[in-house]
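# Chains, contacts and geometry: an overview
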Amino acid sequence: MDTQYDKLSQQQIKISIAKPEAKNFIKDNDALSVSCTNSSSDTSREKWGKEIEFLFSCIALSVGLGNVWRFPFIALENGGGAFVIPYIIVLLLIGRPVYYMEVIIGQFASRGCIQAFDMVPLMKGIAYGQVYATALATTYYACVMALTIKYLIASLSEILPWSYCQPEWGPLCISTAAFNHTHLNNTLVGKPTSSAELYFTKTILREKDNIDDGIGLPNWDLVLCLLSAWLIICTILIKGIRSSGKASYFLAIFPYVVMSILLCRALTLPGSLNGIIYFLRPQWDQLLNPNVWYAAITQMFFSLAICFGTLVMYASYNNFRKNVYRDVIIITSVDSMTSILAGCIIFGILGNLAYETNTHDIAHVVKGGAGLAFISYPEAIAKFKYLPQVFAVLFFLMLLVLGIGSNIGMASCVITVIKDRFQYLPHWLLASGMGVVGFIVGLVYTTPGGQYILNLIDYFGCSFIALFLAIAQLVAVSWLYGVKRLCQDIEFMLGLKTGLYWRVCWAIITPGLMFLVLIYSLINYQPLDYKGVKYPDAVYNFAWLIWAVGVGQLPFWAFYTIAQQSGKTFKQKLHLALKPTDNWGPLEAKLLDEYNLRRKSFDYNDSLTLSWRSRVYDNIFG
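Residues numbered from 1 in each chain as written. Predicted model: local features only at pLDDT ≥ 70, side-chain atom pairs only at ≥ 80, totals over all residues. Heavy atoms only, no water.

Let's shift gears to the overall build of the chain. Assigned secondary structure in the chain consists of 25 helices and four strands. Expressed as a percentage of the 622 residues in the chain, the buried residues total 56%. Contacts in the chain between residues far apart in sequence, at least 24 positions, make up 83% of those at least 6 positions apart. In the form shown here, the chain has an accessible surface area of approximately 26,800 Å², with 64% of it arising from carbon and sulfur atoms. (Helix = DSSP H or I, 4+ residues; strand = E, 2+ residues; numbered from the N terminus. Buried < 20%, exposed > 50% of the residue type's maximum accessible area, 1.4 Å probe, protein only. Contact = heavy atoms within 4.5 Å. Areas by Shrake-Rupley, 256 points an atom, 1.4 Å probe, with all protein chains shown as cover.)

For the pair helix α19 (residues 450-494) and helix α20 (residues 500-523), interaxial distance at closest approach is 9 Å and the crossing angle is 170°. Taken together, the axis directions place α19 and α20 in an arrangement best described as roughly antiparallel. Across the interface between the two elements, Phe464, Leu467, Phe468, Ala470, Ile471, Leu474, Ser478, Trp479, Val483, Leu486, Cys487 and Ile490 from α19 touch Arg503, Trp506, Ala507, Thr510, Pro511, Met514, Phe515, Val517, Leu518, Ser521 and Leu522 from α20. Looking at the contact of α19 with α20, its residues break down into 19 nonpolar, three polar and one charged. (Axes fitted to C-alpha atoms, helices over the stretch in contact; angles between N-to-C directions. Parallel < 35°, antiparallel > 145°, perpendicular 65-115°, else oblique. Nonpolar A, V, L, I, M, F, W, Y, C, P; charged D, E, K, R; others polar.)

In a disulfide, the sulfur atoms of two cysteines are covalently bonded to one another. Using the criterion set out here, one finds one disulfide in the structure. Free cysteine: Cys143, not disulfide-bonded; nearest cysteine sulfur from Cys225 at 10.0 Å. Judged by its relative accessible area of 2%, Cys143 is buried. (Disulfide = S-S within 2.5 Å.)

Okay, the packing of aromatic side chains next. Tallied over the full model, the rule gives 46 aromatic pairs. Aromatic side chains Tyr459 and Phe460 sit 5.0 Å apart centroid to centroid with 85° between the ring planes, which places their arrangement in the edge-to-face category. Chaining the aromatic ring pairs together yields one cluster made of Tyr151, Trp162, Tyr199, Phe200, Phe374, Phe395 and Phe396. The ring of Phe492 carries Arg321 above its face, with NZ or CZ at 5.2 Å from the centroid. Lying across the ring of Phe422, Arg421 places its NZ or CZ 4.9 Å from the centre. (Phe/Tyr/Trp six-rings, centres within 6.5 Å; stacked < 30°, edge-to-face > 60°. Lys NZ or Arg CZ within 6 Å of the ring centre and 35° of its normal.)

Turning our eyes to something else, we now look at helix α22 (residues 553-564). Under the 1.5 Å per step criterion, the end-to-end length of α22 is 16 Å for twelve residues, consistent within 8% with the ideal 16 Å. Residues of α22 that are buried in the fold lie against α7 (125-154), α19, α21 (537-551) and α23 (570-578). (Expected span 1.5 Å × (residues − 1).)

Positionally, Thr498 belongs in the loop between α19 and α20. Residue Thr498 is classed as buried on the basis of its relative accessible area of 13%. The sequence separation of Thr498 and Lys484 amounts to 14 residues, and the corresponding C-alpha distance is 9.5 Å. Excluding anything up to four places from it in sequence, Thr498 contacts Cys487, Ile490, Arg503 and Trp506.

Here we take up the UniProt feature "binding site: Na(+)" (unreviewed entry) in the chain. When the UniProt feature table is mapped onto this chain, "binding site: Na(+)" (unreviewed entry) is found at Val63, Asn67, Ser303, Leu402 and Ser406. A maximum C-alpha distance of 12.3 Å among these annotated residues, which run over 344 residues, shows that they cluster at one spot. For Val63, the residues in contact, after removing those within four places along its chain, are Tyr256, Asp335, Thr338, Leu402 and Ser406. Given the relative accessible area of 4%, Ser406 is considered buried. (UniProt positions renumbered as here; feature names shortened; annotations may be inferred.)

The subject of this paragraph is the pattern of salt bridges. Going through the model one piece at a time under the given rule, you end up with ten salt bridges. Between Lys322 and Glu51 there is a salt bridge whose closest N-O contact spans 3.8 Å. Of the two residues, Lys322 sits in the loop between α14 (310-315) and α15 (324-356) while Glu51 sits in helix α3 (residues 51-62), which places them 271 residues apart along the sequence. One salt bridge in this structure joins Asp213 and Lys208, with 2.8 Å as the shortest N-O distance. Take Asp213: its relative accessible area is 64%, and that puts it in the exposed class. Within the structure, one salt-bridge network assembled from shared partners comprises Glu51, Lys322 and Asp327. (Salt bridge = Lys/Arg side-chain N within 4 Å of Asp/Glu carboxyl O.)

Attention now moves to a nonpolar patch on the surface. Taken together, the side chains of Trp220, Leu224, Leu227 and Leu231 present a nonpolar region at the surface, about 440 Å² in accessible area. The residue Trp220 is located in helix α10 (residues 220-237) in this model. (Patch = residues over 30% accessible without salt bridge, like charges linked within 9 Å, V, L, I, M, F, W, Y side chains within 5 Å.)

Let's shift gears to helix α18 (residues 427-442). Here α18 contains 16 residues, and its C-alpha end-to-end distance of 22 Å stays within 8% of the 22 Å for a straight helix at 1.5 Å per residue. Looking at the buried residues of α18, the elements they touch are α7, α10 and α17 (388-421).

For Thr134, the position within the fold is in helix α7. A relative accessible area of 1% means that Thr134 is categorised as buried.

A positive phi angle, near 55°, is found at Ser110, a position not held by glycine. By the secondary structure assignment, Ser110 is in the loop between α5 (81-109) and α6 (113-116). With a phi angle near 60°, Ala305 is a residue other than glycine that sits in the positive phi range. Here Ala305 shows up in the loop between α13 (290-303) and α14.

This next bit is on the packing of α19 against helix α24 (residues 589-600). With their axes 12 Å apart at the nearest point, α19 and α24 run at an angle of 130° to one another. Put simply, α19 runs oblique to α24. You can see that α19 and α24 cross each other, and the crossing is right-handed. Listed contacts from α24 to Tyr481, Arg485, Gln488, Asp489, Glu491 and Phe492 of α19 are Leu591, Glu594, Tyr595, Arg598 and Arg599. (Left-handed = near helix turned anticlockwise from the far one by under 90°.)

With that settled, the discussion passes to the environment of Gly351. Take Gly351: it is sitting in helix α15. Given the relative accessible area of 4%, Gly351 is considered buried. When residues no more than four places from it in sequence are discounted, the contact partners of Gly351 are Pro270, Gly271, Ser272 and Gly275.

Moving on, we come to the confidence of the model for the chain. On average, the chain scores 82 in pLDDT, and the residues at 70 or more come to 86%. Looking at the elements of the chain, mean pLDDT is at its lowest for helix α2 (residues 20-40), recorded as 36, and at its highest for α22, recorded as 94. Note on residues 1-43: pLDDT is under 50 here. Beyond four places in sequence and across chains, it has 48 contacts. For the stretch residues 179-186, pLDDT sits under 50, and the model shows 13 contacts to residues farther than four places along the chain or on other chains. (pLDDT = per-residue confidence, 0-100.)

Within the fold, Cys113 resides in helix α6. Expressed as a C-alpha distance, the spacing of Cys113 and Cys413, which sit 300 residues apart in the sequence, is 8.0 Å. The contacts of Cys113, once residues within four sequence positions are left out, are Ala127, Val131, Gly309, Val312, Cys413 and Val417.

See below:
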């Protein structure tokens, strides 16, 4: 492949000897190359130790807690098997195209997500907003890891502590190990609660009924677990991307070992097949329900970790000629198959719980949402007759590994952005600083009102911000930079022609579907609550401020970029802000020279004389 482009470059240089204007271009470009080499040499940027480490790292990033506990209950709430069909369709129309786009951009530029937007400087605020959302997600994701560590330690007890009732929990507590719905209404007055749920809310979280009088002080045991989580993350991060790549082998493979064990165990439970059949059998009438499609799109969006800047960062450490096309197909397929595998496991367990409690309503056997990981799964494990401690240790160790893999990717994204801007700062200092700041901010989640704040930050600080910025990113890349030019970049880098499927998805289908999701979420917006409890008005105002800071990065940096341009009029400045920067392209000087020569060979003026309809057609099919 290199030989092919070397020949092309030599031919173009020969042609340029006969053309004075080409000589001037090469002369200018040589000066630019020296500047680029001095400021950001390709040799100064780390690379993956082995190419396969990128594959495993992306799997560890994308396959996380959302696959294990969020997907099964999103499916449960949206018709079981009926949800799987829209989910696969959304994978093909949104998940895979966006994933491929971000990986291509990162590898082509060999820069973090901020500098990658040198392709459209006007829209650089998108990347700043995404890093902001990623940093917020990193803090509360570490808190989830802290809860996992707490449960992992508790699983080593001779008797699982959530399997029996504590006296202080009151008479409405029902021991998980002997939970039987058929006897509850006859023996108790009031709403009974399982010991697994009370252990989570009363012992682990010490949760408050509301936060009207504040969130309280941190729980010291969770603080220690949070500290342990950040020590694990920093230990892996501190040695750079090569250390993360080596860790990815374990982080990506181990969860599948545990899931295979849990699947085999689930299949041996009475009634498990009924649950799996419920999960896989389509309910065709649900396909006409817009809520099902909305749930499928949002689940795919966050399952693959697209539009958060992390994929661009990971791909920036690839070799320029690496064929990432097959990696994208593998990663997106593995992520979706993992979700379905996790669905079979949990629905097998739910089928067993329905069998034991003598009910046919599988959809209401246990709680969904965040309670699945720390209430429903532990409750099910406590019912195992043989060696429940072993299965508990395996399960929570798997959750911890999944959390580490995802959190390393998010933390690395933030560190890379800072390192690209301040290259003189040592990596160990950035990694340590990230850990200290993350730990201090994360203390808020270890308080009795911490889950209220976590729920708030997850929605306003991550999900809602990411949805707005994802649409802006798709428009910026597909229409301002252009699908046509993106495909030309792919051909230069990989030697591959881009098919019609990718072009149409990038230009029309993917941004269109994402925009419909945004409109649907705005039309159906309801004030956020936690377990049915509303937040104080001051907290809602604070939440919208958090959202505004993230989304506000887009207009702020747009106006800043326009003001920095050399044009005399606003129109001239805007035009310059929409064009890629002079040093946009491959980071390596030699490749940048080849790229600029190749760009010079294209006629940019032809498209300017076309009508807007012809321009649209040319952008997609040209």
